[in-house]
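The chain contents come next:
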Amino acid sequence: MLSVFLFALKDLGFDLLRTLFSAAGMAAVTMGALLLNAFSSSMGTYIYAAPTSSNLLVVDSTTVDPSDSDISPAVLQAAYDLGPELIGRVSPQFFRRLWVSEKLVQVRAAPPEDWPSVYHMSLLQGTWPSGAGQAMVGEGAAAGNHWQIGSVLDVAGNALTVTAIYRAPGASFSAIWLPLEQAQAIFGTERGIQCLALQLTAAADPEEVRRRLQADPRLTNGMAVFFEDAYTHNNIQFLRDVYGLMFAVSIIALLTVALGTYSLTALNLAERAHQIGILRAVGFSYFQLRLFLTLRALLLAGLAFGVGLAVALVYVQIQQTGGPVYINGFPFTFYLGGEQIGLCMGLTLGFALSGAWLSTRWMLNDSVAQLVRI
Amino acid sequence: MPEMLRLGFYDLLHQRRLGFVLAISISISLMGYLLLNGYQTDLNNRYDWLAPTYLIAQQSGTTGEFYGSRLKPVVAADLMERGASLVVPEIRTVTGTTMDNAVLLRGILPDRYERIEPYRILSGRPLLSDDSPRLAMVGVRLAQERDVLPGGTIEVRGRPFGVVAVFETGIYSDYEVWISLRDAQELLGWGDEVSIFVIPAGEQLRPGDTLPTDKVSISQKGENGTNLVKEFQPLFSLLNLIAVTLGISAAIALANSLWRMAWLRRRELAILQSIGFSKWALVLYLAVQGAGVTGLGFILGLLEALMVGSLISLRTAGVAIHAVYDWRILLISAGYALGILLLSTVLPAIWLARLNLAELLRAE
């Protein structure tokens, strides 16, 4: 086995230029597949995120974007009426999707005392905004827009100074947050609340509370009660479509590794039919020759993968330095972890193996006599 | 020259299994390129247009042409005071319980919308100002998705509306349902509020102007769509990079194969050169094989793109983006295939031309 491996290695090294040329073609494919994976894994953090909240969310279920939802005082009262034994906090939330610095950004507001407890926000830099003209930005938004403490944002014609950068799960990661009072001072109290986040007590049965509130006659005009995570997941169909498309394209792209290996091995066999005949004549078995050609293909694919990985890592590093990429209001940071690299490497080697196996299956059927005559 | 064409063609036929595999390899990269351009074209066609003759007044910072803007009637008076000769209110929002069943809803004034929105009635008749409530015009793409025709009904926010017409605009409004402004206000519980006001361009008010009333800003009609398209640009840039690397990979694989196929024929090619065939004949020999493989790859790529494009659509807030292939895309993709062909032919041709003729003649 070792001798066959060394033989394959020497064979690749013999015509190094051709080997590198062949590897370059495959490296381009593996780099593409790795980048697609790096991007789709970033999307996967939204699509397959583990539940981060057990909050209930009251929102107009007939509006796709919460911006158009409007919580009436009666609905707010219905939530309060559930009582402190079931509801720890009722947090009214203001929500808009606005163009800020030429990017579509979620602008949210809630009472400051709810930020850490209901929305799981933690302060990274600065101080929580408290006065007029102050706002805080998520770390995703800060990185993507190069916003810092002291930056001034134009939000719907109002100059707001960034006083804090926070960390929070989900899409809130890239939002701008204000104290509710201030949002209502800017945008008015009419349509001042788009949804209610309800933090349940430890004793409450979430499904039972959800059912009770949903049955309240004050919840009219499309108002519905959701589990917060379920609501978020329902509204990311676009991400799921793009994620599916990217994953499919990355697999199809890697399929070309199998095709490339097939053609390289087939040509190798056509070029060396005479030598292979001699090797067969002096005692090399069909299995050993097949092993040699397969190992050769695997080494080539391994080299290509290494080159592709190196280029992809550099690209990912450059992308990460520039901050997240924004698409449809969601920030995406390219991420290439062990899982993505392992998957792509496994597929690259697997496809190379299948290409070489298919090629040798057809080409080694000739007899020794036929081969040495070529 | 015809001899070289024949020789190249026969050699390709001799290696037809290999040629087919190479063609599939090229077809995959072409499929990716076609799909990418197909989706981008549909996105641009639907969203990336500006109506130069009209402006809109919307709540500052919002994407009022789709959702999120709410204005009071007093804004209309303010606009007229500032010289707008025509003020047409509209409601624009997205209704539905999930992105899957979302519908773009537009509330219109039946006696005025024809002036500001060019459309073509495909069947039925337009909405009229004296129509009874709960009637709707449905965009052609939405009508196809929901399988509705004039005389049928469509459910909007849980209430049935009688369909009076199916219309076509060629932009995202082909996914909209149009109902009277009064019906929309009642359906949404908006009272007398609207989403936007459409006003003529070229008067006193200009894009970028703001009104203190309700924090209103003026922008070009269609600008919200062009901004949304810009939001998708990073995604398309990445996919474009991938498509180009796949093309380079396919070109390298083909160049490598052509070079090796020519290497197998090196003695015969050297003899032909020695009896007077020029180096261009060598290029022709490689080009005919490359063209055969690339041509087959192009046809296969086109078929694959048509198949995948019909299966996968990107859905966002009531609009499905499909892969659309027009002549421009076919020409660009043909250029892409030509690039693969040139790269894969030129590289081995240079390589072969540099080899010593005497050594090649000695090859066994």
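Look above for the structure.
What this report covers is the structure whose coordinates are included nearby. All values reported here derive from a predicted model rather than from experimental measurement.

Looking only at helices and strands, chain B features eleven helices and 13 strands. For chain B, the C-alpha radius of gyration of 29 Å lies well beyond 21 Å, the compact-globule estimate for 364 residues. If one aligns the C-alpha atoms of chain B with their principal axes, the spans along those axes are about 95 × 45 × 30 Å. Look at the contacts in chain B between residues 6 or more apart in sequence, and 80% of them connect residues 24 or more apart. Within the structure as shown, chain B displays about 15000 Å² of accessible surface, and the carbon and sulfur contribution to it stands at 59%. Across chain B, the mean location of the 32 positive side-chain charges is 9 Å away from that of the 34 negative side-chain charges.

This brings us to the interface of chain B and chain A. On the side of chain A, 63 residues touch chain B, which itself brings 66 residues to the contact. Interface area, chain B with chain A, both sides summed: about 5900 Å², of which 66% is carbon and sulfur. Summed over the three residues of chain B that lose the most area to chain A, namely Arg157, Glu231 and Arg260 of chain B, the buried surface amounts to 12% of that side. Between glutamate 190 of chain A and lysine 72 of chain B there is a salt bridge, and its shortest N-O distance comes to 2.9 Å. The interface formed by chain B and chain A holds eight residue pairs in polar contact (both at pLDDT 80 or more) in total. Looking at the side of chain B that touches chain A, the elements that each hand over two or more residues are helix H2 (16–47), strand E2 (88–95), helix H6 (181–188), helix H7 (223–264), strand E12 (314–316) and helix H10 (327–353) of chain B. Along the lines of polarity and charge, the residues of the side of chain B that touches chain A split into 33 nonpolar, 23 polar and ten charged.

Okay, the packing of H7 of chain B against H10 of chain B next. The relative placement of two packed helices comes down to the angle between their axes together with the axis-to-axis distance. All names here are of chain B. Close contact between H7 and H10 brings their axes to 8 Å; oriented N to C, the two are set at 35°. The two elements H7 and H10 cross, and the hand of that crossing is right-handed. Contact residues: Ala243, Leu246, Gly247, Ala250, Ala251, Leu254, Ala255, Leu258, Trp259 and Ala262 in H7; Tyr336, Ile340, Leu343, Ser344, Leu347, Pro348, Trp351 and Leu352 in H10. Here the contact of H7 with H10 is built from residues that sort into 16 nonpolar, two polar and no charged.

All names here are of chain A. Applying the stated criterion across every chain yields a total of 26 salt bridges over all chains. Of the charged contacts, one joins arginine 211 and glutamate 207 as a salt bridge, the two residues approaching to 3.7 Å between their closest N and O atoms. In this pair, arginine 211 and glutamate 207 both sit in helix H7 (residues 206–214), four residues apart, roughly one turn of the helix. The class for arginine 211 is partly exposed, based on a relative accessible area of 47%.

A separate point is the pairing of strand E6 (residues 152–155) of chain A. Residues and elements named next belong to chain A. Covered by surrounding structure in E6 are Leu153 and Val155 only, the residues Val152 and Asp154 on the alternate face being uncovered. Across four bridges, E6 lies against strand E7 (residues 158–167) in antiparallel orientation. Within E7, the position partnered with aspartate 154 by the bridge is alanine 159. Adjacent in sequence and paired antiparallel, E6 and E7 are bridged by two residues, among which alanine 156 carries a positive phi angle near 50°.

Attention shifts here to the packing of H2 of chain B against H10 of chain B. Residues and elements named next belong to chain B. In contact at an axis separation of 10 Å, H2 and H10 are set at 150° when each is read in the N-to-C sense. Comparing the axis directions of H2 and H10 gives the class roughly antiparallel. Judged by the twist between their axes, the crossing of H2 over H10 is right-handed. Facing Ile26, Ser29, Leu30, Tyr33, Leu34, Asn37, Gly38 and Thr41 of H2, the residues of H10 in contact are Arg328, Ile329, Leu330, Ile332, Ser333, Tyr336, Ala337 and Ile340. Along the lines of polarity and charge, the residues of the contact of H2 with H10 split into ten nonpolar, five polar and one charged.

For the rest of this paragraph, the subject is the side chain of serine 67 of chain A. In this fold, serine 67 of chain A is placed in the loop between strand E1 (56–60) and helix H3 (73–80). On the basis of relative accessibility, which here comes to 1%, the residue serine 67 of chain A falls in the buried class. There is a polar contact of 3.4 Å between the side chain of serine 67 of chain A and the backbone nitrogen of arginine 97 of chain A. Once residues within four sequence positions are removed from consideration, serine 67 of chain A is found in contact with Phe95, Arg96, Arg97, Arg191 and Gln194 of chain A together with Tyr67 and Gly68 of chain B.

In this section: the packing of aromatic side chains. Applying the stated rule across the entire model yields 20 aromatic pairs over all chains. When the centroid spacing of 6.0 Å and the interplanar angle of 85° are considered together, the rings of phenylalanine 21 of chain A and tryptophan 351 of chain B count as edge-to-face. Of this pair, phenylalanine 21 of chain A sits in helix H2 (residues 16–47) while tryptophan 351 of chain B sits in helix H10, placing the two residues on different chains. Residue class for tryptophan 351 of chain B comes out partly exposed when judged on its relative accessible area of 24%. Taking 5.5 Å as the distance between ring centres and 45° as the angle between the ring planes, the aromatic pair formed by tryptophan 115 of chain A and tryptophan 128 of chain A counts as tilted. Note that tryptophan 115 of chain A is positioned in helix H4 (residues 114–119) and tryptophan 128 of chain A in the loop between strand E4 (122–126) and strand E5 (134–138), a separation of 13 residues in sequence. Put simply, the rings of Phe21 of chain A together with Trp259, Trp263 and Trp351 of chain B pair up and form one aromatic cluster. The ring of tryptophan 190 of chain B has arginine 70 of chain B lying over it, and the distance from NZ or CZ to the ring centre is 4.2 Å.

Cut-off values and rules
Residues numbered from 1 in each chain as written. Chains lettered and ligands numbered in written order. Predicted model: local features only at pLDDT ≥ 70, side-chain atom pairs only at ≥ 80, totals over all residues. Heavy atoms only, no water. Helix = DSSP H or I, 4+ residues; strand = E, 2+ residues; numbered from the N terminus. Rg over C-alpha atoms; globule rule 2.2 N^0.38 Å. Contact = heavy atoms within 4.5 Å. Areas by Shrake-Rupley, 256 points an atom, 1.4 Å probe, with all protein chains shown as cover. Lys, Arg positive; Asp, Glu negative; His and termini not counted. Charge placed at Lys NZ, Arg CZ, Asp CG, Glu CD. Buried area = accessible area lost by both parts, 1.4 Å probe. Salt bridge = Lys/Arg side-chain N within 4 Å of Asp/Glu carboxyl O. Polar contact = N/O pair within 3.5 Å; in protein donor to acceptor, adjacent residues only side chain to side chain. Nonpolar A, V, L, I, M, F, W, Y, C, P; charged D, E, K, R; others polar. Axes fitted to C-alpha atoms, helices over the stretch in contact; angles between N-to-C directions. Left-handed = near helix turned anticlockwise from the far one by under 90°. Buried < 20%, exposed > 50% of the residue type's maximum accessible area, 1.4 Å probe, protein only. Pairing = 2+ DSSP bridges. Parallel < 35°, antiparallel > 145°, perpendicular 65-115°, else oblique. Phe/Tyr/Trp six-rings, centres within 6.5 Å; stacked < 30°, edge-to-face > 60°. Lys NZ or Arg CZ within 6 Å of the ring centre and 35° of its normal.

Shape is all these values report; function is a separate question.
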